[in-house]
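These are the residues of each chain, in order.
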Amino acid sequence: MSKTAGASPMAKHQCDICIVGNGAVGKAAALGLAQMGLRVTLLGMSPGTAAAAAPDAWDTRVYALNHVARTLLSTVKVWNALDLARVAAVEGMAIKGGTGSGAGNLSFDAYSAHVDALAWIVEDRNLNQALDAALKFASNVRVITGRVQSMQVDAAAATVQLDSGETIAAALIVGADGAQSWVRSQCGIGIDYRSYKQRGVVANFSCERPHHGIAYQWFTETEGIVALLPLPGQRVSLVWSAPEALALSLLDEPLSQVAARLSLLAADQLGQLQPLQPELAQGFPLSLLKTHALVAPRVALIGDAGHVVHPLAGHGMNLGFGDVAALIQVLAERGAHRDCGDERLLARYARSRKEEILLMQMTTDGLERLFGFDFSPLRLLRNAGLNLLDKIPVLKRQLMTHALGRTSE
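Along every chain, residues carry numbers that run from 1 in the direction the sequence is written. It should be noted that, the model being predicted, local features are given only for residues of pLDDT at least 70 and side-chain atom pairs only at 80 or more, the latter also being counted only at that level, while totals for whole chains, interfaces and linings use all residues. Note that the side-chain values use all heavy atoms of the structure and ignore hydrogens as well as water.

Structural notes on the environment of Val-76
Going by this rule: A helix here means a DSSP run of H or I that spans at least four residues, while a strand means a run of E at least two residues long, and both kinds are numbered starting from the N terminus. Burial classes: relative accessible area under 20% of the type maximum marks a residue as buried, over 50% as exposed, and values in between as partly exposed (1.4 Å probe, protein chains only). Contact criterion: two residues are considered in contact whenever any of their non-hydrogen atoms come within 4.5 Å of each other.
Within the fold, Val-76 resides in the loop between α2 (67–75) and β5 (88–90). Residue Val-76 is classed as buried on the basis of its relative accessible area of 3%. Separated by 48 residues in the primary sequence, Val-76 and Ala-28 have C-alpha atoms spaced 7.3 Å apart. Among residues more than four places away in sequence, those in contact with Val-76 are Ala-28, Leu-31, Gly-32 and Gln-35.

Right, dumping it as structure tokens:
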């Protein structure tokens, strides 16, 4: 890997693929495409000045990575570079709709799915440190830090210019620059956006009883969706999709008070909860974002640049890694006579992702609407539906297959 953060102004770089955005999805794409022998430029924003967390503190931002994500990370030699002592396998899921005697229940387990785990809980810091370590040894990857100013596309190439005066010419620009994607806006790709008027509140806790690798999720009547994901040891990670007012209250009150709220929900399964030290909670707005297209001339979108879904199923990062896997496959099959920005290749990539993205958008949005609607007859119906689904093995297997990423081990 070559790093040119301090390259001279007006420098001109040529490559096969320029990836704009250096989050986990962009980094994984750079590694996977470079493995094919393609010359890749990874363009990231200037690093921030956020204070470093204590090295042994548990990251509040975690991902439930499925089998597609694990396969991709293994292929780019990143999975085994993770600190696996900080990765927890999800052995089962327990979902409860509502509270009290009329609540609906649905459960899944790895044994019934014939896999070693349904997913793996990985901290954001653990994932990105492993990706960064792999990039240091990656051939064919040039990392440039700067701010993009303009993009031009013609029949021969796509070119981006940085505020330093540097230019990067590539056969394909990959937009991996998040929900507010600059690349998407430069292409004129429209979006449909809807705010859920919720915030995701995340924090970490110890639990009185062992979680046995079970991920718990409660669809409450008025307080949103609460998920407790297993961390190694007797620890859990909270993802609370809460209405805006409640979320602000949760972020403002001591974590011990949040723990007391959670203990009321989880007492039967996990006992009393206590905040992990140092106490830290974070919040982020929740929204649904649908793009009108996933590609444009010499441009492909991946990750949040191409789609944002509600986090209730934990599949936002998995969708992004699925994009990367699909793009790698399409480009690997392109043949010697086509460059990476060929419109037929990009159309094939977009078609390959359409069904999964649409299904995940419809599923997460539909569940959020269904369980967010406070109407007694509907509550009874949906809870009865969960109980019925729990007793139909064929449908449960279909749901598990999709959640696993349509793969098995």
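A few points about the state of the cysteines
The following threshold applies: Cysteine sulfur atoms are paired as a disulfide whenever they fall within 2.5 Å.
Enumeration according to the criterion identifies 0 disulfides in this entry. Note on Cys-15: no disulfide assigned, nearest cysteine sulfur contributed by Cys-18 at a separation of 5.4 Å. For Cys-15, a relative accessible area of 6% gives the class buried. Of the residues examined, Cys-18 reaches a relative accessible area of 0% and is grouped as buried.

Focus on the environment of Ala-247
As for its placement among the helices and strands, Ala-247 is situated in helix α6 (residues 244–252). Taking C-alpha positions, Ala-247 is 6.5 Å from Val-201, a pair spaced 46 residues apart along the chain. If we ignore the near neighbours within four places in the chain, the residues touching Ala-247 are Arg-199, Val-201 and Ala-242.

So, the pattern of salt bridges
The following threshold applies: Salt bridge, as used here: a side-chain nitrogen of Lys or Arg that lies within 4 Å of a carboxyl oxygen of Asp or Glu.
Taken as a whole and assessed by the stated rule, the structure comprises 11 salt bridges. For Arg-261, the salt bridge identified is with Glu-253, shortest N-O distance 2.9 Å. Judged by relative accessible area, which is 12%, Glu-253 ranks as buried. Arg-344 is the partner of Asp-342 in a salt bridge, and the nearest nitrogen-oxygen pair spans 3.2 Å. Residues joined in a network through salt bridges with shared partners are Asp-323, Arg-353 and Glu-356.

Re the sheet that holds β5
Rules: One requirement defines pairing of two strands: DSSP has to find at least two bridges between them. Lines fitted to C-alpha atoms define the axes here, with helix axes fitted over just the stretch in contact, and angles between the N-to-C directions of these axes take values from 0 to 180 degrees.
On the basis of which strands lie adjacent, the open sheet formed by 3 strands has the order β4-β8-β5 and antiparallel pairing. The sheet is open, and its two edges are formed by β4 (62–65) and β5, each paired on a single side. Going across the sheet, the axis of each strand differs from the next one's by a mean of 30 degrees, ignoring polarity. Here β5 runs beside strand β8 (residues 119–123); their pairing, made up of 3 bridges, is antiparallel. When the sheet's bridge partners are listed, Ala-89 is paired in β8 with Trp-120. The sheet contacts of helix α4 (residues 124–136) involve β4 and β8, and relative to β8 the element is tilted by about 85 degrees.

A closer look at the nonpolar core
Which entries qualify depends on this criterion: To define a nonpolar core, start from buried Ala, Val, Leu, Ile, Met, Phe, Trp, Tyr and Cys residues and group those joined through side-chain atoms within 4.5 Å.
Core analysis: the largest hydrophobic core is formed by 78 residues, its most contacted members being Ile-19, Ile-173 and Phe-321. Take this core: its biggest share by element is 9 residues, from helix α8 (residues 316–332). Residues in contact with Phe-321, not counting those within four places in the same chain, are Ala-24, Val-25, Ala-28, Leu-65, Ala-69, Leu-72, Leu-73 and Leu-127. With 28 residues, the next largest nonpolar core counts Ala-88, Ala-215, Ala-227 and Val-239 among its residues.

A look at the pairing of strand β12 (residues 167–175)
Of all 9 residues making up β12, 9 are buried, and the element is well covered by its neighbours. By the bridge criterion, 4 bridges tie strand β11 (residues 158–162) to β12 in an arrangement that is antiparallel. Bridge pairing in β12 links Gln-161 to Thr-167. Taken together, β11 and the strand that follows it, β12, pair antiparallel across an intervening segment of 4 residues, in which Gly-165 is found at a positive phi of about 100 degrees. Bridge analysis of β12 against strand β20 (residues 299–301) gives 3 bridges, and the strand direction is parallel. From the neighbouring strand, Val-174 faces β20, where its bridge partner is Ala-300.

Points about the packing of aromatic side chains
Selection criterion: Here a Phe, Tyr or Trp ring, Trp counted by its six-membered ring, pairs with any other such ring whose centre lies within 6.5 Å, and the pair is stacked when the planes are under 30 degrees apart, edge-to-face when over 60, and tilted otherwise. Charge-over-ring contacts are defined here by two conditions on Lys NZ or Arg CZ: a distance within 6 Å of the ring centre and an angle within 35 degrees of the ring normal.
With the rule as written, the count across this model stands at 2 aromatic pairs. Ring plane angle 75 degrees and centroid distance 5.7 Å describe the contact between Trp-79 and Trp-120, whose orientation is recorded as edge-to-face. Within this pair, whereas Trp-79 is found in the loop between α2 and β5, its partner Trp-120 is found in strand β8, the two being separated by 41 residues in sequence. Here Trp-79 falls in the buried class, since its relative accessible area comes to 5%. One cation-aromatic arrangement involves Arg-61 over Phe-284; the distance from NZ or CZ to the ring centre is 4.3 Å. When the ring centre of Trp-58 is taken as reference, the NZ or CZ atom of Arg-86 above it lies at 4.1 Å.

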